[in-house]
Structure formats: structure tokens, C-alpha cells
Amino acid sequence: MRTGPEAVPRPRLLTLRLWRMSQVAETEFKPLLNEGVGYGVVVGVGFFFAAMMLGLTALQAKFSRFSPSSSEEFSSASRSVKPGLVCCGIVSAWTWSATLLQSSTAAYTFGVSGPWWYGVGGTIQLAIFAMVAAKVKMNANGAHTFLEIVKARFGTGAHLLFTFYAFLCILVVCGSLLLGGAATVNALTGMNIIAACFLLPIGIAVYVVFGGLRATFICDYSHTMILFIIIYIFFGYVYGASDATGSIEAMYNLLVQAGKDTPVEGNRNGSYLTMKSNQGLVFGAATIMSGFSGVFCDQAGYWQRAIASAPRSTTKAYMLGGLSWFAVPWGFASCLGLAARALVNNPKFPTYPNPLSPSQTSAGLAAPAAAAVVMGKGGAIAILLVVFMAVTSAVSAELIAVSSLFSYDLYRTYYRPKATSTEIVRVSHYFICFWAVWAGCWSTILHKASIDLGWLFYVQGVVLSPAVIPIALTVTWSKLTRAGVFAGCIIGAVLGMLAWMIGCWKIFGEINVPNLAQPYSAVCSGATSLLFSGLITVFVSLARPTKYDFAGTRAIAVYDDASDFKAPAHGSSATMRHHSSSETSSQAEKESSKDVTTADVVPVEADVDGEKSPGAQEVTHAELKRVFRRAGWYSLALTVAVAVIVPLPMFFSQYVFSKGFYTFWVACTIIWAAMSGIFCMILPLWESRAEIAAIMRGLIRSQ
């Protein structure tokens, strides 16, 4: 009989390894900056951006036709945002604190495979959502939230079910953003975590209240520009200027040595320089589950931007956004995450002579540790600023989203169906203020319960995956039924919970809070709930299929200031309260469908001085179908490229990077990040050159 480690089953080996990690002596993460810097950034920089956004919003209201006092402008930017700015908004909204910190943790833990799989776990969902965005413009261009589409099609029951998932998603996202940001500020400056959790949302709420969704887009642009500039600075230091690393060749040698000193279980030869990483592959699967739930259940980053974009450019914006965003986790984490692993034995490392403890690693402190070594206080300030930018831009999107959900899907739907545009804006303002305070309370509760960024990252896919496919099919599949939606969501959730508990118990031998957030547990649950909810939804729907014509969702009205709502295109008599949600075609549905012509996009902006906004141009049904097909081919090609063609041959061949190939790999990250950053910084300015010129002329005349 075999004895020793060889006799221990592989899952038990993983448990043993986690136990050993927990026994490593923990050295306090030494702050490089004083506490005043933390408060200065969180409060000072936060309110500086708030003041800047207020100024830009005032200029917009004075010298353009867009005013945030309109509910349409406040919640959906009048559906006229151009693809460059939407792309920039997608990059900014999808760049959470987890994008920077958790991807770096994956690099620190698994090696080069971690950043790649994190990028895959967010990019393919954006590509697939491009198809959903095209369908939104085709079938529900008047909607303000995806819940309005659900209400119009399936009625109150399904609406309340998905409202639960929408608010649950925002809770998870806000907790992840604020805990990740607060942990970083605390590690670098010593600022109190609870104070950071409360102060971070306050300045954000100020400019969101006064500027609405368009202000968040403008904020997204400035934040994305700063993000890419800081990434370029880290590239320069890690791969060239820093004495700690010095060059790509020196980084390679340090990583080779790290593989010998602390080999990675499941990696080829224990190396950090290989895609053959069993744990990395499982992490990739968990990231994909988490990414699907984060994209399809989140009103903030994706539905809101699909609704706000001009019809012809929606899919283009999501295509460009997915490609541009991939550079952020891949480039940033390949640089700083791997640098943290390479520099563990450097005397300047914040926890020297010990590596980061499991709790410090889960809190996302790998990137701050590397920045502190390669750039000293400058690196700490850069990380502080870039994480702050990520938190503020993403939280601003969440605040707009949660206000839209409350004002349109709760307040107007169930309390005041005839609420005017002005009243909706006022209620949105109140709820933004409430949610900014509640977000601080919620993140404090999580912190006191020892829940951190890493825990929320994995559990996100566990709790939200059952709703992903039913939500996507609501706007894309005519045969979907109410029974299919309920059966898929509820049974999928139950099966996912069972798989979560049983998988955790079988793999780790004990069900507890840390084990439930391990990648293996998360994959067991996320894959089960996503797969079975999709299958059940489809099979139950096909058992008694309907033939929904989307007349009810196309009849969702657009509010303006002249009246309670603006009727849909072509004089359809349907109003916002018209919901053709029956699964058998009623006479009312048939009459409504007769009023709908081939042009299905609602004109959303009235003429101003003889001009129409870009979003007001009618687009034919056939043209949007072509956009949808193009998005389908694009999403398929991108998914196959990043999830199959690049990583899997290297995984199965068990290839360990040579010095030359590692140099090529680094060069690819730099080139991709450079192209993405330049694109995000230049295209929005070029597309908005006429509007910028108009504002400048107005300023000159007013002097």
C-alpha cells in the first residue's frame, strides 16, 4: 500500500495545500503612504472629479440639446451615445477593482495562465452580449431597463423574479467594488476600511445625481484614459526602468526561480511560465461563470449602455469594447501580478521575508505589493489612483442602474404608473443618495463578516448564473414561455445550490465560508446552474411554444418633458402599460401587431433647431437583422480564438515558455494594451468633435 502524499487523493492534496498556506506566518502589509494621502484621494480627488463632471454637465445643458433634467437624458442619455464613447464606457464599467486586483492575484497564484483566463472570462460575454444588444434595438428600443422588457412580455411574476436577480447582482457588484477599493486604500495608506467604504460612494453620487448617465460616460472616458496611462507607466518600470526587475529577461529569470522556490501544484514542472495549469483552467471556468452573470444580470454596465447607444452603432461598440477591455486584465496582471511573484524575496516587498498570506492574497494585494517594490511611493500612488478610478467609474454606473430599476420598475410600475418625467428624475435623485449610503453599510456588513473581494468574485457566478440564459432569451427568442422562465430560474438555482454544497463537501471534506468560495466549489455550482437552467428553460418552452411577435416590447414608450410619455414609432396606440405577455396570442396582441411596421426602432429625440440626434434615425428591421448576424459571427470567432485556439494547444502540449516566447508574450500584451488605450482615448474625441466645437463656440460667444 502507498503511503505519504502519493496516497492522498488529488482533492485532498488541494485541501492540504490550502491548510499549509494558512499556516504561513503573516507579516503585516506595511503602508508606504500616510493615512492623510488615503483620505486626500478618496475625498479630495473624488470631489474634484465630481466638480469637473458638474461643470461639464452644465456646459452640456447650456450649449447642447441634452439636459439631465429630462428623464430620458438622465437614465438613457437620449439613446444617442456614439460607439467610441460606449466602447470606453464598457471598458470602464467592466474594469472593476476585481479586474485589476483579482486578475493580478490569479497571476501571482497560477502564473501566466491566470491573466489570460481572467480576460477570457470577461471578453466572450461582451462579444455574446453584442447580439443581445442588437436584439434590444430591434425588439425593445424604448426600454429603459431590461426588467421593463420582462414586464412587457411575461407580466408581474417574471418581472418580480428578475427584479430580485437585478438587485442581487448590484449588491454583489457594489460589495466587490467597495471592498476591493477599501482594502487597497487601507493596505497602501492605513486608512480605516469602514471609512473608505462609506466615503468612496459619496463623491460619486454627487455628479451622478446632477449629470445622469451621460455624466458617467464622460467620467468613464477620463477614468479610462488615466487607467491606460498608468498601465503604460507600469510596463515601462517592470520591463525596463526598475532596478528590481530591470528587463523582460530579468523578469523571466526571476519567475523561473520562483517556480523552483514555490512551485505551483498542477502546473507543468511547478512553473509559473506555462499555460498547463490545472488550477488556472478551473479558475478560468469560474471566471467565465462569474463573467456571464456579471454581464447579463447587471443593468449598469451592459443593458444601460445597449439602451443608451445609437441603434446602428450598438453592436460595433460592444465588439470594440470587448477587444479593448481584454488588454486591461491581461496586460495589467501579466505585468504586476507576475512581478509580485517574482519579487517575493526582494527586501522591499511589503511582507518580506514572508510571501503574502492567504487573506492578503484574497484581498487582492498582489498588485499593490509589486507596485511598491518597482516604483516605491510612486507605485503606491499609481495603484491607489487606478483602483480609485476603477471603483468610481463602476460605482457610478451601478448608481444610475439602481436608480433606473427603482424609478421605472418599482416606483412607476407599482406605485405611480402615471409619474411624469420630472417626477421620475426626482425619485432617481433620492434613490441614488439612499443607495450611496446603503452601499457603504452593505460593504461594512460584508467586511465585518470576513467576506472579501475574492469571496464575492467566485460567489457571484454561484448566485446569479440561473438567471443568465432566461434573461438573454427574453429579448432574443420568440418561443420562450413564462413557464420556461420560471422553471429554468428556480430549478437551476436549486440544483446550483445543491452542487455548491455537495461539491464543496466532496472536494474539501468540510463546508465552511472559505471553502465555498474556492474555484472548484464555484465551478461545480456555476456550471450546474447555468447549464441546467438553460436546458430546462428551452425544453419547457418547446413543450408548449409560443410565437411571440415582440409587439408588446416594441410598444414600450419613451418619456419626455412635453407629456407623460412619447408614443412609439409610427403612431402605434400602445403605451408603456400595454403588455402583450400572454403565451397564447390574444386579439389585443394581434391588433397591436398590425400597428407595427417594418421599422422597429423608436425615434427617441425630438427635433431641435431642425436637427435630429443620431439615435433618432430610423433603422429598418432588415438592417438590424444584418447587425445581429454580424454580431453572431464576431462572437463565435472571438470565443473560439481566445478560449480554444490560443490556450488549449499550449495546455495539452504542456509547453513551458522559453525566454524567447516569454518575450513575445510580453510584447503582445504591450501592443494590445497600446492599441486599446489609444483607441479608447482618440475615437471618442473624434466622434464628438462637432459637439466639442459647438460647446467651445458657445463659450467664446458667452465671453
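Keep in mind it's a predicted model, so treat the numbers as computed, not measured.

## So, the side chain of threonine 184
Tracing the backbone through its elements, the reader meets threonine 184 in helix α8 (residues 156-189). On the basis of relative accessibility, which here comes to 1%, the residue threonine 184 falls in the buried class. Other than its neighbours up to four places away in sequence, threonine 184 contacts Leu101, Leu365, Pro368, Ile383 and Val387.

## Examining the packing of aromatic side chains
Taken as a whole, this structure holds 39 aromatic pairs when the rule is applied. Between tryptophan 116 and tryptophan 330, the aromatic rings sit 5.1 Å apart at their centres with planes inclined by 85°, giving edge-to-face as the arrangement. With a gap of 214 residues between them, tryptophan 116 in helix α6 (residues 113-139) and tryptophan 330 in helix α13 (residues 314-342) connect regions that are remote in the sequence. Residues tryptophan 116 and tryptophan 330 agree in their burial class; the two are buried. An aromatic cluster is built from Trp116, Phe326, Trp330, Tyr655, Phe657, Phe661, Phe664, Trp665 and Trp672, whose rings are joined through pairwise contacts. Its end group placed over the ring of phenylalanine 628, lysine 135 keeps NZ or CZ at 4.6 Å from the ring centre. Over the ring of tyrosine 108 we find arginine 341, and its NZ or CZ is 4.0 Å from the ring centre.

## Some remarks on the packing of helix α11 (residues 278-296) against helix α22 (residues 519-543)
A pair of packed helices can be characterised by two numbers: the angle between their axes and the separation between those axes. Interaxial distance between α11 and α22 falls to 9 Å at its minimum, and their mutual angle equals 45°. When the axes of α11 and α22 are compared, the pair comes out oblique. You can see that α11 and α22 cross each other, and the crossing is left-handed. For the pair α11 and α22, the contacting residues are Gln279, Val282, Ala285, Ala286, Met289 and Phe292 in the first and Pro519, Tyr520, Ala522, Val523, Gly526, Ala527 and Leu530 in the second.

## Observations regarding the confidence of the model for the protein chain
Residues at a pLDDT of 70 or more form 81% of the protein chain, whose mean pLDDT is 80. Residue range residues 71-80 is modelled with pLDDT below 50. Its contacts to residues more than four positions away, or to other chains, number 67 contacts. Under a pLDDT of 50 for its full length, residues 561-617 has, in the predicted model, 129 contacts with residues more than four places off or in other chains.

## A few points about helix α25 (residues 621-645)
In this model α25 runs 35 Å from its N-terminal to its C-terminal C-alpha over 25 residues, within 8% of the 36 Å that 1.5 Å per residue would give. If you check which residues of α25 are buried, you get His621, Leu624, Val627, Ala631, Tyr634, Ser635, Leu638, Val642 and Ala643. Of the surrounding secondary structure, the elements contacted by the buried residues of α25 are α6, α13, α23 (551-554) and α26 (647-653).

## Digging into the pattern of salt bridges
The final tally for this structure, using the stated rule, is 3 salt bridges. A salt bridge links glutamate 148 to arginine 412; its shortest N-O distance comes to 2.9 Å. Linking glutamate 148 in helix α7 (residues 146-154) with arginine 412 in helix α16 (residues 377-415), this pair joins segments that are 264 residues apart in sequence. Arginine 412 shares its class with glutamate 148; the two are buried.

Rules and cut-offs
- Residues numbered from 1 in each chain as written.
- Predicted model: local features only at pLDDT ≥ 70, side-chain atom pairs only at ≥ 80, totals over all residues.
- Heavy atoms only, no water.
- Helix = DSSP H or I, 4+ residues; strand = E, 2+ residues; numbered from the N terminus.
- Buried < 20%, exposed > 50% of the residue type's maximum accessible area, 1.4 Å probe, protein only.
- Contact = heavy atoms within 4.5 Å.
- Phe/Tyr/Trp six-rings, centres within 6.5 Å; stacked < 30°, edge-to-face > 60°.
- Lys NZ or Arg CZ within 6 Å of the ring centre and 35° of its normal.
- Axes fitted to C-alpha atoms, helices over the stretch in contact; angles between N-to-C directions.
- Parallel < 35°, antiparallel > 145°, perpendicular 65-115°, else oblique.
- Left-handed = near helix turned anticlockwise from the far one by under 90°.
- pLDDT = per-residue confidence, 0-100.
- Expected span 1.5 Å × (residues − 1).
- Salt bridge = Lys/Arg side-chain N within 4 Å of Asp/Glu carboxyl O.

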